[in-house]
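Observations on the model geometry
Below are the chains, spelled out letter by letter.
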Amino acid sequence: MFDVKIMKPDEIRVIDNFLDKKTFKDLQNTLLNESQFPWFLNYNKVKDDGITQFTHMFYYDFIPNSSYYNNLLPFFKILKPNAIKRVKANLTIKASEVKPYNLHQDFDDNLSLNQMKTAIYFLNTTNGPSIFENNFQVQKIDCIENRIIIFPTKILHAGSSHTNAQVRGVINFNWF
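Described in the following lines is the structure provided in the data block. (Residues numbered from 1 in each chain as written. Predicted model: local features only at pLDDT ≥ 70, side-chain atom pairs only at ≥ 80, totals over all residues. Heavy atoms only, no water.)

**Examining the packing of aromatic side chains**
In the structure shown here, the tally under the stated rule is twelve aromatic pairs. Arranged with centres 4.9 Å apart and planes meeting at 75 degrees, the rings of Phe132 and Phe151 form a pair that is edge-to-face. Residue Phe132 is located in strand E7 (residues 126-134), and its partner Phe151 is located in strand E9 (residues 148-152); the two are separated by 19 residues in the primary sequence. For the pair Phe132 and Phe151, a shared accessibility class is recorded, and that class is buried. Aromatic rings pair up to connect Phe18, Tyr59, Tyr69, Phe75, Phe76, Tyr121 and Phe173 into one cluster. (Phe/Tyr/Trp six-rings, centres within 6.5 Å; stacked < 30°, edge-to-face > 60°. Helix = DSSP H or I, 4+ residues; strand = E, 2+ residues; numbered from the N terminus. Buried < 20%, exposed > 50% of the residue type's maximum accessible area, 1.4 Å probe, protein only.)

**Structural notes on the sheet that holds strand E8 (residues 137-143)**
The antiparallel open sheet is built from three strands, whose spatial order is E8-E7-E10. Edge positions in the open sheet fall to E8 and strand E10 (156-158), since each of these has one partner strand only. Neighbour-to-neighbour, the strand axes of this sheet turn through a mean angle of 20 degrees, independent of strand direction. The pairing of E7 with E10 spans three bridges and is classified as antiparallel. The partner of Phe132 across the bridge, within E10, is His157. (Pairing = 2+ DSSP bridges. Axes fitted to C-alpha atoms, helices over the stretch in contact; angles between N-to-C directions.)

**Considering the side chain of Gln53**
Examined against the element boundaries, Gln53 turns out to sit in strand E3 (residues 53-60). Here Gln53 falls in the buried class, since its relative accessible area comes to 2%. When neighbours within four sequence positions are excluded, Gln53 is seen to be in contact with Phe40, Leu41, Asn42, Asn44, Lys45, Lys88, Asn90, Leu91 and Thr92. (Contact = heavy atoms within 4.5 Å.)

**A short note on the side chain of Arg168**
Summarising the element assignment, Arg168 is placed in strand E11 (residues 167-175). For the buried residue Arg168, which engages in no salt bridge, the nearest side chain bearing the opposite charge is Asp142, 9.1 Å off. Within the structure, Arg168 has its side chain in polar contact with the backbone oxygen of Gly128 (distance 2.9 Å). (Lys, Arg positive; Asp, Glu negative; His and termini not counted. Salt bridge = Lys/Arg side-chain N within 4 Å of Asp/Glu carboxyl O. Polar contact = N/O pair within 3.5 Å; in protein donor to acceptor, adjacent residues only side chain to side chain.)

Rendered as structure tokens:
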């Protein structure tokens, strides 16, 4: 296993098969296949970009915000956060071309930029990669189901549109 607390300051860690197969399939089914899961319409992915997506806020500002919060407990057993800032699921719809969204940091205050970790967990496989810009180097990481990418919050990142699946589902974690 790995220890997130001993990551290098600029390290981007990619872990495949993050959850055991049954836990993953149950989570995937709940978020992507059950019609009663509450997705909420947002008219922006990143501040004022005008790109529509659906979101579900599991946890915000150190407080659980969803009756589905317990579905995340397997992540917390592995990540071992000291404090959780936010956990949000994002769902985008199939597009006509693959192109990256705007690079951003989830939080830009000094404490977050210097001490917080971010993770992107993929609920399904699509041709919409995640993009990272770190020390002027750009890295693309494919969107593969049950893969997680863990990195310091200060690293610029973006998702991409996709063309080969009805939806692209991710869960975004921010924690100390």
